[in-house]
2 protein chains.
Amino acid sequence: MKHQVNSRLNDIVSKIKKMGYSLTPQRLEIIKIVSESKSHPSAVDVYDKLRKAYPMISLNTVYKNLSLLSSIHEVKEIRTLQDSVHYDGDISLHGHAICEKCGRIIDVKIDESDFKGFFDAKIKENFKENYYINNYGLEFYGLCGLCYNETASNESISVQS
Amino acid sequence: MKHQVNSRLNDIVSKIKKMGYSLTPQRLEIIKIVSESKSHPSAVDVYDKLRKAYPMISLNTVYKNLSLLSSIHEVKEIRTLQDSVHYDGDISLHGHAICEKCGRIIDVKIDESDFKGFFDAKIKENFKENYYINNYGLEFYGLCGLCYNETASNESISVQS
DNA sequence: TATTATATGATAATGAGTATTATATAAAAA
DNA sequence: TTTTTATATAATACTCATTATCATATAATA
């Protein structure tokens, strides 16, 4: 587990260097935070964590670095139905369940074989002409267990997609 | 085809009335625009179309109505990697291919049977505890044919997810 | 037609994200 | 190690999508 995290960190760091970007302490710390986090933090969340080690860090720096990581595909942006973008340091194949009430984001496991069968078929069917896919998104919007129970006890809901 | 569109309009209108919302001319026009559009317009796009018939319409009114339609699940919000939200009046099962360069959004066909096999399995696997799903999202981010050709001729790209 | 609750439009406010720029510092060369 | 240079950071101001407020208008209902 610890080894996994470190190799992930090393992967990103060497990519950063290989691509000619310099490795500042702030940047390293940001990479650590997103690559180790399981909570899909927003830029402000990352900013708040950073301030412990770097009280003078600028939010701008956080945005710049997260954008950089996203542009080199080492972090995935998650657009929820709420206001801000969230970042996922786990770029392996998976989807997200997003609670429309509390905003919590839960990973949805997808196994590679299922994916190959389904998504590749979608891509083949839909993109006969050249179309360059470099990312995907799979989201389930709804209410998490906690929020569902809360809502159910207060009012009767009857929505259905 | 014309019949399809009209019945869709009627569905939304009767839902609006049944839920106790009043039907203003502006609201009706907004419903018409989004339900008939195939281009996944943003709020401002809808606003611009509206101004032909209602020059005094407020952008605020557009936002309010699109939010209302979204809340009753008659319009789907699409979060792209760009700035603004886009709206889809087609709430049938499908995904979106989003061009990261020009922002164009193309429908990705998904047939119901495939969906049942794949998505339902995902839901069962991941949400053993109660979790209320009322919407989903499936996006392919990349470059559309046009933008891909442009990019390819200018610079060599070697990204791969 | 009168009543009432909701919708609209005008305006201001919010807040996520971006642009700018002077200073600082990582990386590379000497 | 020191110098050089290009990139990164931090502070600040700015943009712009979306939301809030509230007075006025109007749809729905009696």
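Residues numbered from 1 in each chain as written. Chains lettered and ligands numbered in written order. Predicted model: local features only at pLDDT ≥ 70, side-chain atom pairs only at ≥ 80, totals over all residues. Heavy atoms only, no water.

Undergrad: Can you help me understand the nonpolar core in this one?
TA: Nonpolar side chains in soluble globular proteins tend to be buried together. Formed by 28 residues in total, the largest nonpolar core has its most connected members in Cys99, Tyr131 and Phe140 of chain A together with Cys99, Tyr131 and Phe140 of chain B. If you list the elements that add at least two residues to this core, you get strand E3 (94-99) and strand E5 (132-143) of chain A together with strand E3 (94-99) and strand E5 (132-143) of chain B. (Core = buried A, V, L, I, M, F, W, Y, C linked by side-chain atoms within 4.5 Å. Buried < 20%, exposed > 50% of the residue type's maximum accessible area, 1.4 Å probe, protein only. Helix = DSSP H or I, 4+ residues; strand = E, 2+ residues; numbered from the N terminus.)

Undergrad: I tried to follow the protein's contact with DNA strand D on my own but got confused; where do I start?
TA: The immediate surroundings of DNA strand D are formed by 20 residues, with Thr24 and Asn60 of chain A together with Asn60, Tyr63 and Val85 of chain B found nearest. Of everything in DNA strand D that lies within 4 Å of the protein, sugar and phosphate atoms constitute 73%. Contact distances for DNA strand D include 2.6 Å between a phosphate oxygen and a side-chain N or O atom of Thr24 of chain A. Here a base nitrogen of DNA strand D sits 2.7 Å away from a polar atom, N or O, in the side chain of Asn60 of chain A. Secondary structure elements with two or more residues in the surface near DNA strand D: helix H2 (25-36) and helix H4 (59-71) of chain A together with helix H4 (59-71) of chain B. Broken down by element, the surface near DNA strand D gets its largest block of residues, 4 residues, from H4 of chain A. (Near = heavy atom within 4 Å. Polar contact = N/O pair within 3.5 Å; in protein donor to acceptor, adjacent residues only side chain to side chain.)

Undergrad: Is there a simple way to think about the sheet that holds E3 of chain B in this case?
TA: Whenever strands of a sheet pair, they do so through backbone hydrogen bonds, lying parallel or antiparallel. Pairing is mixed in the open sheet, where 6 strands are placed in the order E4(A)-E3(A)-E5(A)-E5(B)-E3(B)-E4(B). At either end of the open sheet lies a strand with only one pairing partner, and these are strand E4 (105-109) of chain A together with strand E4 (105-109) of chain B. Neighbour-to-neighbour, the strand axes of the sheet open up by a mean angle of 30 degrees, direction not taken into account. (Pairing = 2+ DSSP bridges. Axes fitted to C-alpha atoms, helices over the stretch in contact; angles between N-to-C directions.)

Undergrad: Even after reading the chapter, I still don't get the environment of Gln82 of chain B, so can you show me in this structure?
TA: Along the chain, Gln82 of chain B turns up in the loop between strand E1 (76-79) and strand E2 (85-88). Relative accessible area serves as the criterion here: at 34%, Gln82 of chain B is assigned to the partly exposed category. Spatially, the C-alpha atoms of Gln82 of chain B and Lys101 of chain B are 9.3 Å apart, while their sequence positions differ by 19 residues. Ignoring sequence-local partners within four residues, the contact set of Gln82 of chain B consists of Arg79 of chain A together with Glu100, Cys102 and Gly103 of chain B. (Contact = heavy atoms within 4.5 Å.)

Undergrad: Mind showing me how you'd approach the packing of aromatic side chains here?
TA: For any pair of aromatic rings, the description rests on two quantities: the centre-to-centre distance and the angle between the ring planes. By the definition in use, this model includes 2 aromatic pairs over all chains. Where Tyr132 of chain A meets Tyr148 of chain B, the ring centres are 5.6 Å apart and the plane angle is 5 degrees; that geometry is what we call stacked. Of this pair, Tyr132 of chain A sits in strand E5 while Tyr148 of chain B sits in helix H6 (residues 145-154), on two different chains. Residue Tyr132 of chain A is classed as buried on the basis of its relative accessible area of 16%. Lying over the aromatic face of Tyr136 of chain A, Lys76 of chain A brings its terminal NZ or CZ to 3.6 Å of the ring centre. (Phe/Tyr/Trp six-rings, centres within 6.5 Å; stacked < 30°, edge-to-face > 60°. Lys NZ or Arg CZ within 6 Å of the ring centre and 35° of its normal.)

Undergrad: Mind showing me how you'd approach the protein's contact with DNA strand C here?
TA: The environment of DNA strand C is formed by 21 residues, the closest being Asn60 and Tyr63 of chain A together with Thr24, Met56 and Asn60 of chain B. Considering the 4 Å shell around the protein, atoms of DNA strand C inside it are sugar or phosphate in 72% of instances. Ser58 of chain B has a polar backbone atom sitting 3.2 Å from a phosphate oxygen of DNA strand C. One of the side-chain nitrogen or oxygen atoms of Asn65 of chain B is found 3.1 Å away from a phosphate oxygen of DNA strand C. At 4 residues, the largest contribution of residues to the surface near DNA strand C is made by H4 of chain B. Residue composition of the surface near DNA strand C, by class: 7 nonpolar, 11 polar and 3 charged. (Nonpolar A, V, L, I, M, F, W, Y, C, P; charged D, E, K, R; others polar.)

Undergrad: What am I meant to see in unusual backbone geometry here?
TA: Trans is the prevailing form of peptide bonds, just as negative phi is the prevailing case for residues other than glycine. Residues and elements named next belong to chain A. At His40, a position not held by glycine, the phi torsion is positive, near 50 degrees. By secondary structure assignment, the location of His40 is in the loop between H2 and helix H3 (43-53). Its identity is not glycine, yet His73 carries a phi of approximately 60 degrees, on the positive side. Here His73 lies in the loop between H4 and strand E1 (76-79).

Undergrad: Looking at this structure, how should I read H3 of chain A?
TA: Two residues of an α-helix separated by three or four positions point the same way, owing to the 3.6 residues in each turn. All names here are of chain A. Inspection of H3 places Ala43, Val46, Tyr47 and Leu50 among the buried residues, and these make up the whole buried set. The arc that holds the buried residues of H3, viewed along the axis, is 100 degrees, so those residues lie on one side. If you follow the buried residues of H3, they end up packed against H2, H4 and strand E2 (85-88). (Arc of directions from axis to C-beta.)

Undergrad: Is there a simple way to explain the pairing of E3 of chain A in this structure?
TA: Along any regular strand, the residues point their side chains to alternate faces of the sheet. Residue and element names in this part refer to chain A. Here E3 lies mainly inside the structure; 6 of its 6 residues are buried. Along E3, one buried face is formed by His94, His96 and Ile98 and the opposite face, lined by Gly95, Ala97 and Cys99, is buried too. Note: E3 against E4, 5 bridges, orientation antiparallel. Across the sheet, residue Gly95 finds its bridge partner in E4, namely Val108. Connecting the antiparallel pair E3 and E4 is a turn made up of 5 residues, with Gly103 showing a positive phi of about 85 degrees. Looking at chain direction, E3 and E5 are connected through 4 bridges and run parallel. Bridging from a neighbouring strand, Ile98 pairs with Tyr141 of E5.

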